[in-house]
Amino acid sequence: MQIIKTIDELKAFKENNKSKTIGFVPTMGALHSGHLSLIDNAVSNNDIAIVSIFVNPTQFGENEDFDIYPRTHQKDIELCKSTGASAVFMPEIDVLYPNGLDNEVILTPPVDMANVFEGTIRENHFGGVLRVVLKLFNLISPTNAYFGRKDAQQLLIIKKMVNDLFLDINIIPCDIVRDKNNLALSSRNIYLDSASYEMALKIPNAINKAISLVSANILESKIIENTAMACLNGLEVDYCNVVDFNLKKIREIKKGDSLLLIAARVGKVRLLDNCWF
Ligand code: PAF
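Let us look at the structure shown here. (Residues numbered from 1 in each chain as written. Predicted model: local features only at pLDDT ≥ 70, side-chain atom pairs only at ≥ 80, totals over all residues. Heavy atoms only, no water.)

**Some words on the overall build of the protein chain**
And then number 1: Of regular secondary structure, the protein chain possesses 11 helices and nine strands.
And then number 2: On C-alpha atoms alone, the protein chain measures out to a radius of gyration of 19 Å, which is about the 19 Å that the 2.2 N^0.38 rule sets for 277 residues.
And then number 3: In terms of overall dimensions, the protein chain has a C-alpha envelope of 55 × 40 × 40 Å along the principal axes.
And then number 4: Across the 277 residues of the protein chain, 49% fall into the buried class.
And then number 5: In the protein chain, once contacts between residues fewer than 6 apart in sequence are set aside, the share between residues at least 24 apart is 71%. (Helix = DSSP H or I, 4+ residues; strand = E, 2+ residues; numbered from the N terminus. Rg over C-alpha atoms; globule rule 2.2 N^0.38 Å. Buried < 20%, exposed > 50% of the residue type's maximum accessible area, 1.4 Å probe, protein only. Contact = heavy atoms within 4.5 Å.)

In structure tokens form, the structure reads like this:
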């Protein structure tokens, strides 16, 4: 597995792998089984798989955890090797932002999709995500790029960018990976002590209740949201809403174009979960 740090090295790597299909998994490192399932998918369905590890400064707000975001590069490299990835692209900030952070053309995602849900508490977050993902797409030219359904809003906004800008890349959504008690995997789960872990399990319970309602053809958003909210009793819920794939709240689930989004805090730990119908 090749470790690539510069754009010239990346170009040379691509030159040596011309006409192969490329599966790409963008990450910020601190890899867990959720990321590894994306990489497995990329390895299994493409000639070569490239993983990027880059903690992107432009998607962090001023009071967010950019400086202390976990950087476990050596462990991440070993994990990528074990999955059969062909290369890891780990650029420094000035490789991806050679003109500085404040002096370049930037993309603005549609307000209706970016300033709601996660966007209400993370101003400009999705603009920063699109900036780096577009740069990575342009540098890597993947055939297929893999994103987790867990970050549903991110995934839908990236799909919109690919569609709006006519990018010739398939965005492959990958299912949420859960632990043995059904809690969605997240790097934040390590902050849960055993009491808060038990509390956190209310979130997948809420998701499961919603899934059973929809399976029973109960599609009214209010019923689904209220039932899920009742399961979340005791947690501080930021949102629990049924939306369509444009992230607009809807009155009724339409199969193939709806999801339930949940963000809730267990003590200080903020957790996201969702299900796609
Ligand atoms: O989901 C992430 O880890 C990041 O938002 C991404 C897509 C790698 C962009 O920095």
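**A word on the sheet that holds strand E7 (residues 236-244)**
And then number 1: With antiparallel pairing, the three strands of this open sheet are ordered in space as E7-E8-E9. The open sheet has two edge strands with one neighbour each: E7 and strand E9 (269-276). Across the sheet, the mean angle separating the axes of adjacent strands is 10° when strand polarity is ignored.
And then number 2: Relative to strand E8 (residues 258-266), E7 is paired through eight bridges, and the arrangement is antiparallel. By the bridge assignment for E8, Asp-244 is matched with Ser-258.
And then number 3: Sheet strands in contact with helix H8 (residues 152-164) are E8 and E9, and its direction is about 55° off that of E9. (Pairing = 2+ DSSP bridges. Axes fitted to C-alpha atoms, helices over the stretch in contact; angles between N-to-C directions.)

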